[in-house]
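Structural overview
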Amino acid sequence: MTTQRIQLDVSNDIFDKVMFFLENLPKNKVKLNFDISPKKEKKPDIFSQTAGLLSSQQIDPIAWQNQIRSEWDR
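Residues numbered from 1 in each chain as written. Predicted model: local features only at pLDDT ≥ 70, side-chain atom pairs only at ≥ 80, totals over all residues. Heavy atoms only, no water.

Focus: the overall build of the protein chain
Secondary structure summary: the protein chain contains 3 helices and 0 strands in total. Along the chain direction, N to C, the helices and strands of the protein chain fall in the order α-α-α. For the protein chain, the proportion of its 74 residues judged to be buried stands at 1%. (Helix = DSSP H or I, 4+ residues; strand = E, 2+ residues; numbered from the N terminus. Buried < 20%, exposed > 50% of the residue type's maximum accessible area, 1.4 Å probe, protein only.)

Quick word on the confidence of the model for the protein chain
On average, residues of the protein chain score 78 in pLDDT, and 73% of them are at 70 or above. Looking at the elements of the protein chain, mean pLDDT is at its lowest for helix 2 (residues 46-57), recorded as 59, and at its highest for helix 1 (residues 15-23), recorded as 91. (pLDDT = per-residue confidence, 0-100.)

Notes on the environment of Val 18
Take Val 18: it is sitting in helix 1. Judged by relative accessible area, which is 21%, Val 18 ranks as partly exposed. In the structure, Val 18 is positioned 10 residues away from Leu 8 in sequence and 9.7 Å away in space, judged by C-alpha atoms. Filtering out sequence-adjacent residues up to four positions away, Val 18 remains in contact with Leu 8 and Val 10. (Contact = heavy atoms within 4.5 Å.)

Now the structure itself:
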């Protein structure tokens with residue numbers, strides 16, 4: 001028997017309906033493998049983005065501090 005593989009990312013609100021459908025398919029024709037772990041959305045890494053910006057701009061830290069302090073003295 002030739003088989004095909006399907007991977008689904010299913011929204012929580014229709015998960016039960018999809019599972020009901022899959023579980024009612026003929027058992028000798030369908031093999032179900034479950035990975036029901038919730039997928040976490042990857043958040044951007046702010047620190048690595050900032051480090052890249054700072055290193056690409058070649059900022060002189062002492063000059064930058066002096067500029068910030070001069071703004072405080074106003």
